[in-house]
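Listed below are the residues making up each chain.
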Amino acid sequence: MNMTQGKRLALPVCVIALCVSGSAGPVAAEQTRQSQRPNVLFIAVDDLRPALGCYGDATAITPNIDHLASRGTIFDRAYCQLAVCSPSRLSLLTGRRPDTIKVWDLGTHFRDAVPDVVTLPQHFKNNGYHTESLGKIFHGSGKPSKDPPSWSVPARFDVVRDPMLRYASRKNRQGTGLKRSASESADVPDNTYIDGVVCDAAVQTLSRLQEQQRPFFLAVGFRKPHLPFCAPQKYWRLYDRTSIPLPENDGYPIGAPELATRSWSELEGYSDIPQDGKISTSKVRELRHGYYACVSYVDALVGRLIDQLAALQLADNTVVVLWGDHGFHLGEQGLWTKANNYEWSTRVPLIVSIPGQEHAGETSDAIVELVDLYPTLTDVCQLETPVGLEGISFKPLVDDPDRAWKLAALSQYPRANAGSRHSGHGDIMGYAVRTDRFRYVEWRKWNSDDVLSRELYDHESDALESRNLATQAEYAAHTQELSEILSGGWQSVLPDAVNADDELGNVLDHTYGHHPISASQEDTNDD
């Protein structure tokens, strides 16, 4: 029986229960209410910057995600909270910012600091949903990858370390270690690689979930386009390598501190990449080709999921969300991968499709954050929003994409005093604010909160963030204003329309409190 049939049968059952026994009425009514709530298909894509046709990328071949976008809302200026996998994902899934959950690296579990927090899928489970996870959702390795309280059944494919699912060519399969070639084009089926395996499982899982009389929250996490850039050959053949543009600006921003441009040393760990990070033009072209091939590979898998929803008659009662956990540098600003505070690393794709939404296919230029997704989904699915979240529902933007919204997005990135990797909060924290016009960063010593360096980029005149203007006298007033926004914390950037509305203001006061997070609040592997 499909979900539509289930909804038709629920009402008569409820009426009979009320006639027979008054005590059974509330139970039956709650069952009916739950059965009428929409399902959620929650698609996470690793290391995906907005390299999608629907985001205006003229190179990307992504017909399936573009079709999904035509049925939903494209959030053109969505930002993550910390641009590496685990902190970004755990922030989104807890609805709290990195300094609150004390997750800044790849090895820390959020429950170490906030053991009783209720995650996004856990909240849906507590409200009668069946919650299930396939692929990379929390993280892809170690302790942070698992959170049993979030799921109705054990997660599958959350940790996959088998090189045979990462590589397909004979050369790479005969290699050693987890990191072999940085890219691979092999004439193999989609399910040779782990993302194809996950997609097969997700298609089968949707068929199973369609039979139950209970709404579901199905999380599907694809690992591409994360390195290595391995995708079936047919996706490489979609592109002419010589037609893929080289980075428009391949040098470090002028005047940027070393802290800002320090390499994460992720790409350098692959066997065909020089340890000094000096990459030839031909290799740059190969890597950029590989990234786009992986994007098209994932696009095809997303298309299979959307087609399965339609085939099972679930599309009209399923909210679909597609998001990237952070952005990605492909040589822009002289940088590769992520792990910094720049636009290419912090800006993410975010598409939300709600059945029956009025403004389908429209783009919102409002600033939103991944930490806002938790309260948004509870709002869309008519669940009570938990107390303590540090984002706000952007459902009003689905209803009116052009309305005024947040003043800014806040993100951060830690550094050790020396070296490419940090542990915990590191020795220095870079706190960033992105407004409509500016990106401003303060690099603060963790123990003293002293500001070591500042960065300011004016997107009105420098969309590539190629020159640091923080020391320019003509920008002094802007620098001071942006510094005050950072000090005010996330609540200082909430939309005026929300703050000015007494009813919504009371909701914010009850749900989120009014305690800006202090920048100094305190308590290796790339997957």
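Residues numbered from 1 in each chain as written. Predicted model: local features only at pLDDT ≥ 70, side-chain atom pairs only at ≥ 80, totals over all residues. Heavy atoms only, no water.

Draft legend 1. Region of the structure containing helix α15 (residues 476-488). Spanning 13 residues, α15 covers 18 Å between terminal C-alpha atoms, matching the ideal 18 Å at 1.5 Å per step. All of the buried residues in α15 are Thr479, Leu482, Ser483, Ile485 and Leu486. End-on view of α15: buried residues confined to an arc of 155 degrees, all on one side of the axis. In α15, the exposed residues that point more than 90 degrees away from the buried face are Ala477 and Ser487. Buried residues in α15 make contact with β13 (408-415), β14 (428-435), β15 (438-445) and β16 (451-458). (Helix = DSSP H or I, 4+ residues; strand = E, 2+ residues; numbered from the N terminus. Expected span 1.5 Å × (residues − 1). Buried < 20%, exposed > 50% of the residue type's maximum accessible area, 1.4 Å probe, protein only. Arc of directions from axis to C-beta. Contact = heavy atoms within 4.5 Å.)

Draft legend 2. The nonpolar core, seen in detail. Judged by nonpolar contacts, the single largest core of 70 residues is most densely connected at Phe42, Phe217 and Leu350. Top element by residues in this core is helix α13 (residues 373-380). It accounts for 4 residues. Those residues in contact with Phe217 that sit more than four places away from it in its chain are Val40, Phe42, Leu120, Pro121, Phe124, Tyr129, His130, Thr131, Glu132, Trp151 and Leu377. Counting 66 residues, the second largest nonpolar core, distinct from the first, contains Ile279, Cys294, Val298 and Leu322. (Core = buried A, V, L, I, M, F, W, Y, C linked by side-chain atoms within 4.5 Å.)

Draft legend 3. Representation of the packing of aromatic side chains. One pass over the structure, following the stated rule, counts 17 aromatic pairs. Judged by centre distance (5.7 Å) and plane angle (85 degrees), the rings of Phe229 and Tyr291 are edge-to-face. Highlighted residues: Phe229 in strand β6 (residues 229-232) and Tyr291 in helix α11 (residues 281-311), separated in sequence by 62 residues. Here Tyr291 and Phe328 contribute two aromatic rings whose centre-to-centre distance is 5.3 Å and whose plane-to-plane angle is 20 degrees, an arrangement assigned as stacked. Residue Tyr291 is found in helix α11, and its partner Phe328 is found in the loop between β7 (318-324) and β8 (329-330); the two are separated by 37 residues along the sequence. Taken individually, Tyr291 and Phe328 each receive the classification buried, so the pair is uniform in this respect. Joined through ring pairs, the aromatic side chains of Phe42, Phe124, Tyr129, Phe217 and Trp323 make up one cluster. Arg421 extends its terminal NZ or CZ atom over the ring of Trp264, reaching a point 3.6 Å from the ring centre. (Phe/Tyr/Trp six-rings, centres within 6.5 Å; stacked < 30°, edge-to-face > 60°. Lys NZ or Arg CZ within 6 Å of the ring centre and 35° of its normal.)

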